[in-house]
Amino acid sequence: GEFTYRGQPNQDLPKVLIQGNLSGSLQDLRIQAQSVAKTNDGLTANPEQQASADMQLHLAPFSGTPLRSARLKIIDLNPQWINQHAPSAMLDIDLDLQPPKVQVPAKIMPTPVVQTTALNGEIRIRNRAPQTIDKQGLPLKSFTSALEWQADQLTLRKTVLELLSGTVAAESKLQFRPAQL
């Protein structure tokens with residue numbers, strides 16, 4: 001069904017107006033949502049909401065790997081809208097995580113099998129207003145990386161950070177541990 005959310009998800013985030021659609025079940029849930037300036041029933045966005053966002057999520061909320069795929073596009077996000085002490089920037093963020101397709105010979109199975117315990121994709125961040133730190137800015141021009149996420153490990157490949165005065169290329173792995181209560 002369709003939904004509208006108007007509010008502040010937590011005290012550190014700006015107020016937003018989002019419209020979207022939910023479909024499926026709690027075992028196979030799909031969410032599509034986007035920020036809007038005005039809803040069909042007359043609600044208007046807070047003038048402080050400057051960023052534009054569009055997301056598509058495929059979730060299995062009660063499985064061991066609840067995130068099945070994600071597409072997120074944000075345009076015109078200033079980190080200072082989230083935290084007043086953050087550097088000023090104007091970020092465009094594009095994230096795409098999809099399950100890898102495993103090719104099985106046609107004699108065994110005619111269609112590709114989707115492995116749901118891993119996600120592969122890419123993240124691209126572009127800062128349209130890079131500035132030096134001494135001017136309360138973010139000296140990042142762009143960040144791109146291929147992503148491989150499996151269980152408790154995130155691998156970043158072909159990572160490139162373009163800074164105001166140079167470029168950094170890297171590959172890394174992040175290992176996550178379960179929270180201890």
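Here the structure is shown first, and the text comes after it.
On a predicted model such as this, the values are computed, not experimentally measured, just so you know.

Caption draft 1: Here's a closer look at the pattern of salt bridges. Applying the stated criterion across every chain yields a total of 9 salt bridges. Here arginine 71 makes a salt bridge to aspartate 96, at a shortest N to O gap of 3.2 Å. Residue arginine 71 is located in strand E5 (residues 67-77), and its partner aspartate 96 is located in strand E6 (residues 91-98); the two are separated by 25 residues in the primary sequence. Among the ionic pairs, aspartate 92 bridges to arginine 126, the shortest N-O distance being 3.0 Å. Placement of the pair is aspartate 92 in strand E6 and arginine 126 in strand E9 (residues 118-127), with a sequence separation of 34 residues. Three or more residues are tied together by salt bridges with common partners; here these are Lys73, Asp94, Glu122 and Arg124.

Caption draft 2: Focus on a nonpolar patch on the surface. A cluster of nonpolar side chains, namely Trp149, Leu174 and Phe176, defines an oily patch on the protein surface of about 270 Å² accessible area. Mapped onto the elements, tryptophan 149 comes out in strand E10 (residues 140-150).

Caption draft 3: Quick look at the pairing of strand E3 (residues 28-35). The two faces of E3 differ: Leu29, Ile31, Ala33 and Ser35 on one face are buried, but Asp28, Arg30, Gln32 and Gln34 on the other face are not. As defined by bridge partners, strand E2 (residues 16-25) adjoins E3 across 8 bridges and the pair is classed as antiparallel. The partner of glutamine 19 across the bridge, within E3, is glutamine 34. Count of turn residues in the E2/E3 antiparallel hairpin: 2 residues.

Caption draft 4: How the structure looks around the sheet that holds E6. Reading across from one edge, E1-E2-E3-E4-E5-E6-E9-E10-E11-E12 is the order of the 10 strands in this open sheet, with antiparallel pairing throughout. Taken across any chain shown, the strands that pair with only one partner, and hence form the sheet edges, are strand E1 (2-7) and strand E12 (166-175). The mean inter-strand angle of the sheet, taken between neighbouring strand axes irrespective of direction, is 10°. Pairing between strand E4 (residues 52-59) and E5: 8 bridges, direction antiparallel. Opposite histidine 58, over in E5, you have serine 69 as the bridge partner.

Cut-offs and rules
- Residues numbered from 1 in each chain as written.
- Predicted model: local features only at pLDDT ≥ 70, side-chain atom pairs only at ≥ 80, totals over all residues.
- Heavy atoms only, no water.
- Salt bridge = Lys/Arg side-chain N within 4 Å of Asp/Glu carboxyl O.
- Helix = DSSP H or I, 4+ residues; strand = E, 2+ residues; numbered from the N terminus.
- Patch = residues over 30% accessible without salt bridge, like charges linked within 9 Å, V, L, I, M, F, W, Y side chains within 5 Å.
- Areas by Shrake-Rupley, 256 points an atom, 1.4 Å probe, with all protein chains shown as cover.
- Buried < 20%, exposed > 50% of the residue type's maximum accessible area, 1.4 Å probe, protein only.
- Pairing = 2+ DSSP bridges.
- Axes fitted to C-alpha atoms, helices over the stretch in contact; angles between N-to-C directions.

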